[in-house]
Amino acid sequence: MSDNVLARFQHKFEHISSLFDELKGLADSLPSDRFSIVALGIYNQGKSTLLNQLISDFNNSTFKVSDIRQTREDQVFCHDNYFFVDTPGLNADAYDDAVAVHAQQRANMYLFVHKITTGELNSQEIGFLEQFANKQGLASFFDSTIFVLTNIANCSDEQTNSVVIKVKEQLRSNFGAAYNYKIIAVDSLRYAQGNLEHKELFIKKSFIAELKTLIEQTKKQLQPQLQSIKAEKIAQKLQPLKEELYSFRDQISQEKAKQEHLLETVNKKFQAKLEQYQEQEELTYNVDSLLDDIAFLTDLQNNDYDEIEYEHQRSHCYDICDRIDRNEQVLEQLRQSMMAEFDFDPSVDFECPKIEMLNETIDSCEHMLNNCEQLLSIVSHLEATT
Ligand SMILES: Nc1nc2c(ncn2[C@@H]2O[C@H](COP(=O)(O)OP(=O)(O)OP(=O)(O)O)[C@@H](O)[C@H]2O)c(=O)[nH]1
Ligand SMILES: [Mg+2]
């Protein structure tokens, strides 16, 4: 495989990995075990006090409470697998509304908090509800919203019932009768006092236990909807990604097999040539016996000089020298041919670059295949869990 082909594969793999990251981000951002409950409403209605009761903080020290405008930023607290989000009261200024709208984007459920002592919902509250509900879709918004009327300790039962009925009528006339509006009247301070002073009746008459039950029921009703939205969004992205991964894995496997076959052929040829070269090298440089012959000739010349014998030996030595020359030429030819075919100089190199490159390509393919397998196993995990 040329560098280009390998680069192309790597490029494709990077592309798939980035799609995969996007998918994982989507899976992480979608609701899972995390369920967030956001308190909404105009200021000073009892949002923070109510959330403190839901997390059993009867001293009201988690979400700050006061008679003056208190909550200025979203505040999140995790309790019993719920994320409780307190928001600044709507209506103060555009900044606070923007913060509340931001909280809405992360919400799974809303508690729309309204102080019952102020009577029915005012036009500002209706305006905010319109804004929120239209943004999310009426059905979805009212499915996930509980209207919590606080402060019943300061009203008679008749007054409470009458405001509950009026609020329901207001919602019906503004948003239609098709939705099942969930309205509950409670008293947070009564609940806190009941718990701090162990007064069962106060706890009972606060109706916070009923609110908790309503929250659980609403969550249960929302669960399939949340799961199916999540599953649908993931499935939309998962399927094409999975197909792309499978096809990429096949391409890489085929390429790897091709490269392995090529390596086998090249390796065989290379080993045969190298053997030939090494044999020739041995032949060329194994000159010990030849040197013996030359030493004998020198002896002849120095001691028992016999002209005929000397000449005979001398021509024998020339033959030997010719042979050495020829062997050296053959060796050089073999060297040249290995250089041309394998870019390998057997007189200096230890590794054949062509074989090295093939091995590297196969390793790269192997590496990409492993990555593919890992991604595919995460994909099946995502499929199983969504
Ligand atoms: N009696 C009674 N008083 C309450 C109740 N809920 C809240 N209050 C009081 O109402 C005031 C405002 O309560 P907060 O919980 O701070 O109201 P908030 O809606 O969070 O106000 P902001 O954060 O300013 O928007 C405090 O003095 C609370 O003690 C309740 O159920 N009964
Ligand atoms: Mg507050």
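Just so we're clear, the structure is a prediction, and the values are computed from it rather than from any experiment. (Residues numbered from 1 in each chain as written. Chains lettered and ligands numbered in written order. Predicted model: local features only at pLDDT ≥ 70, side-chain atom pairs only at ≥ 80, totals over all residues.)

Trainee: Can you walk me through the pairing of strand E4 (residues 109-115) in this structure?
Mentor: On a regular strand, one side chain projects to one face of the sheet and the next to the other, so that they alternate. The buried count for E4 comes to five of seven residues, which makes it a mostly enclosed element. Of the pairings in the sheet, the one linking strand E1 (residues 35-40) to E4 comprises four bridges and is parallel in character. Counted as the bridge partner of Val 38 is Tyr 110 from E4. In this sheet, strand E5 (residues 145-150) lies alongside E4 in parallel orientation, the contact comprising six bridges. Its bridge partner lying in E5, His 114 is registered against Leu 149. (Buried ≥ 20, exposed ≤ 12 C-beta atoms within 10 Å, placed from the backbone. Helix = DSSP H or I, 4+ residues; strand = E, 2+ residues; numbered from the N terminus. Pairing = 2+ DSSP bridges.)

Trainee: Would you mind going over the nonpolar core with me for this structure?
Mentor: Note that soluble globular proteins tend to have their nonpolar side chains buried in a common cluster. In this structure, Ala 39, Leu 111 and Val 148 are the most contacted members of the largest nonpolar core, which totals 42 residues. Look past the residues within four positions of Val 148 in its chain and what remains in contact with it is Leu 50, Leu 111, Phe 112, Val 113, Ile 184, Val 186 and Leu 211. Of all hydrophobic cores here, the second largest spans eight residues; its members include Phe 20, Ile 252, Met 368 and Leu 375. (Core = buried A, V, L, I, M, F, W, Y, C linked by C-beta atoms within 7 Å. Contact = placed C-beta atoms within 7 Å.)

Trainee: Could you clarify how one ought to interpret helix H4 (residues 123-136) in this entry?
Mentor: One full turn of an α-helix is made of 3.6 residues, so residues set three or four places apart face in the same direction. With 14 residues, H4 extends 20 Å from end C-alpha to end C-alpha; this agrees with the ideal 20 Å at 1.5 Å per step. Those residues of H4 that sit buried are Glu 125, Phe 128, Leu 129 and Phe 132. Within H4, the buried residues cover an arc of 100° as seen down the axis, which keeps them to one side. For H4, exposure combined with an orientation more than 90 degrees from the buried face picks out Ser 123 and Asn 134. Phi for Gly 137, located one or two positions after H4, is positive at around 100°. (Expected span 1.5 Å × (residues − 1). Arc of directions from axis to C-beta.)

Trainee: Would you mind showing me how to read the sheet that holds E5 here?
Mentor: Working definition: the strands of a sheet are paired by backbone hydrogen bonds and lie parallel or antiparallel to each other. If you walk across this open sheet you meet the six strands as E2-E3-E1-E4-E5-E6, and the pairing is mixed. Strands at the two margins of the open sheet, each flanked by one partner only, are strand E2 (75-79) and strand E6 (182-185). Each neighbouring strand pair of the sheet contributes to a mean axis angle of 25°, computed without reference to strand direction. Where E5 lies against E6, four bridges are found, and the strand directions are parallel. Residue pairing for E6: Val 148 is matched across the bridge by Ile 184. In this fold helix H6 (residues 157-175) packs onto E5 and E6, with an angle of close to 160° to the strand it touches most, E6. (Axes fitted to C-alpha atoms, helices over the stretch in contact; angles between N-to-C directions.)

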